[in-house]
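Spelled out, the chains give:
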Amino acid sequence: MGELHLEIIQERLKTEFKVDADLGKLMVAYKETITEPSLNRITFERKLADQKHSVVIEVEVHPKKAEAGHPIVRKGQGKEVQENLKMLTERQLRCITNGVEASLRSGPKISFQVIDVEVLINFFQIGRGTSETIIEAAAATCVRGALQNAAVCLLEPIVSLEVIVDEKFQHAVVDDLNRRRFVMDMIDMIHGNKIVTGTAPLSELMGYSTALRTVSSGLGTYSMQFKHYQKVVNSIEEDKIIQKVRGF
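So, here is what we can say about the structure in this document. Sequence order as written defines residue numbering, which begins from 1 separately in each chain. Per-residue local features are limited, in this predicted model, to residues with pLDDT of at least 70; the limit for side-chain atom pairs, both in listing and counting, is 80 or more; totals at the level of whole chains, interfaces and linings are taken over all residues. Here the side-chain values reflect all heavy atoms present in the structure, with hydrogen atoms and water set aside.

## Examining a nonpolar patch on the surface
Excluding any residue in a salt bridge, patches collect residues exceeding 30% relative accessible area, merging like charges within 9 Å and nonpolar Val, Leu, Ile, Met, Phe, Trp and Tyr side chains within 5 Å. Areas reported as accessible are Shrake-Rupley estimates using a 1.4 Å probe. Residue values count occlusion only from the protein chains shown. Whenever Lys or Arg places a side-chain nitrogen within 4 Å of a carboxyl oxygen from Asp or Glu, that contact is recorded as a salt bridge. A grouping of Ile9, Leu13, Phe17 and Val19 is seen on the molecular surface, where their side chains present a nonpolar patch of about 330 Å² in accessible area. Only DSSP runs of H or I reaching four residues or more are called helices, and only runs of E reaching two or more are called strands; each is numbered from the N terminus. Summarising the element assignment, phenylalanine 17 is placed in the loop between α1 (3-15) and β1 (31-34).

## Thoughts on the packing of aromatic side chains
Here a Phe, Tyr or Trp ring, Trp counted by its six-membered ring, pairs with any other such ring whose centre lies within 6.5 Å, and the pair is stacked when the planes are under 30 degrees apart, edge-to-face when over 60, and tilted otherwise. Within this structure, the stated rule accounts for three aromatic pairs. Measuring from centroid to centroid gives 5.3 Å for phenylalanine 226 and tyrosine 229, while their planes differ by 55°, and the two rings are tilted. Judged by relative accessible area, phenylalanine 226 falls into the partly exposed class, the value being 48%. One Lys or Arg, arginine 41, reaches over the ring of phenylalanine 123 and ends 4.0 Å from the middle of that ring. Remark: a charge is flagged as sitting over a ring if the NZ atom of Lys or the CZ atom of Arg is within 6 Å of the ring centre and within 35 degrees of the ring normal. For arginine 46, the ring lying beneath its charged end belongs to phenylalanine 44, and the centroid distance is 4.2 Å. Using a 1.4 Å probe on the protein chains alone, a residue whose accessible area is under 20% of its type maximum counts as buried, one over 50% counts as exposed, and one in between counts as partly exposed.

## Thoughts on the sheet that holds strand β2 (residues 38-48)
Strand order in the open sheet formed by four strands is β2-β3-β5-β4, with mixed pairing between adjacent strands. Strands at the two margins of the open sheet, each flanked by one partner only, are β2 and β4 (73-75). Pairwise comparison of adjacent strand axes, ignoring direction, gives a mean angle of 35° for this sheet. We call two strands paired when DSSP finds no fewer than two bridges between them. Where β2 and strand β3 (residues 51-63) come together, eleven bridges link them in antiparallel fashion. Within β3, the residue paired with isoleucine 42 across the bridge is isoleucine 57. Whether two residues are in contact is decided by their heavy atoms: any pair within 4.5 Å suffices. Simply put, an axis is a line fit to the C-alpha atoms, just over the touching stretch for a helix, and the angle between two N-to-C directions goes from 0 to 180 degrees. Helix-sheet contacts for helix α3 (residues 90-104) involve β3, β4 and β5 (117-126), and the interaxial angle to β5 is about 130°.

## Re the pattern of salt bridges
Under the criterion given, the structure shown has 14 salt bridges. With its nearest N and O atoms 3.1 Å apart, the salt bridge here joins glutamate 16 to arginine 12. For glutamate 16, a relative accessible area of 47% translates into the label partly exposed. Note on arginine 12: relative accessible area 44%, which makes it partly exposed. One salt bridge connects glutamate 83 with lysine 86, and the closest N-O pair in it is separated by 2.8 Å. Residue class for glutamate 83 comes out partly exposed when judged on its relative accessible area of 48%. By relative accessible area, lysine 86 is classed as exposed at 55%. Through salt bridges with shared partners, a single ionic network connects Lys64, Arg74 and Glu118.

As structure tokens, then:
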């Protein structure tokens, strides 16, 4: 659903249903990832109902492109690691995985989801009677610590963009796109209209429907589709994004 659709729905709510709907500021769904491995080991202890619960866990997070069907949590390699983890049960591994997934939902930089990482369990030890909830909490805390110690970068969504416009407005449209970090794939022609295709960051296309109507005198149309996430080009752009998200 595009910005124009949202504006139409907002107007219908006001006129047809007499609802004073307020359209909030649109937000871009950025992601976070790490660029280098990070190791963390913690002792996690809690006392619940006079019962001491303790977990000692060590994890290593490192960058890895996500692959369908491949788990993000694995047992580490090495003889000592395997010896320590041979008593790790499937139930405990599932608890650790739940904790890891919870910690990856909010990254350390600006609290966006962390993607394209793999988590290796290098050490795990629990006290007698330790609950599954404590295991999950320990895993989540340990991974958060590893992420905070790692080099974290922002990823921005890149979309495939197709603009159809009358030939006489082609140059004005392309000039406007070039100011939006647009990477052109090709320009085609059909029935007297130019078809401009390429890719651009989603953040640069906020309000584009209005901009396109302006530069094409209302004769241009466009469609876009999510393509992939890409590392933000430089630290200056990243600082701008952080400032925009935080509001200061």
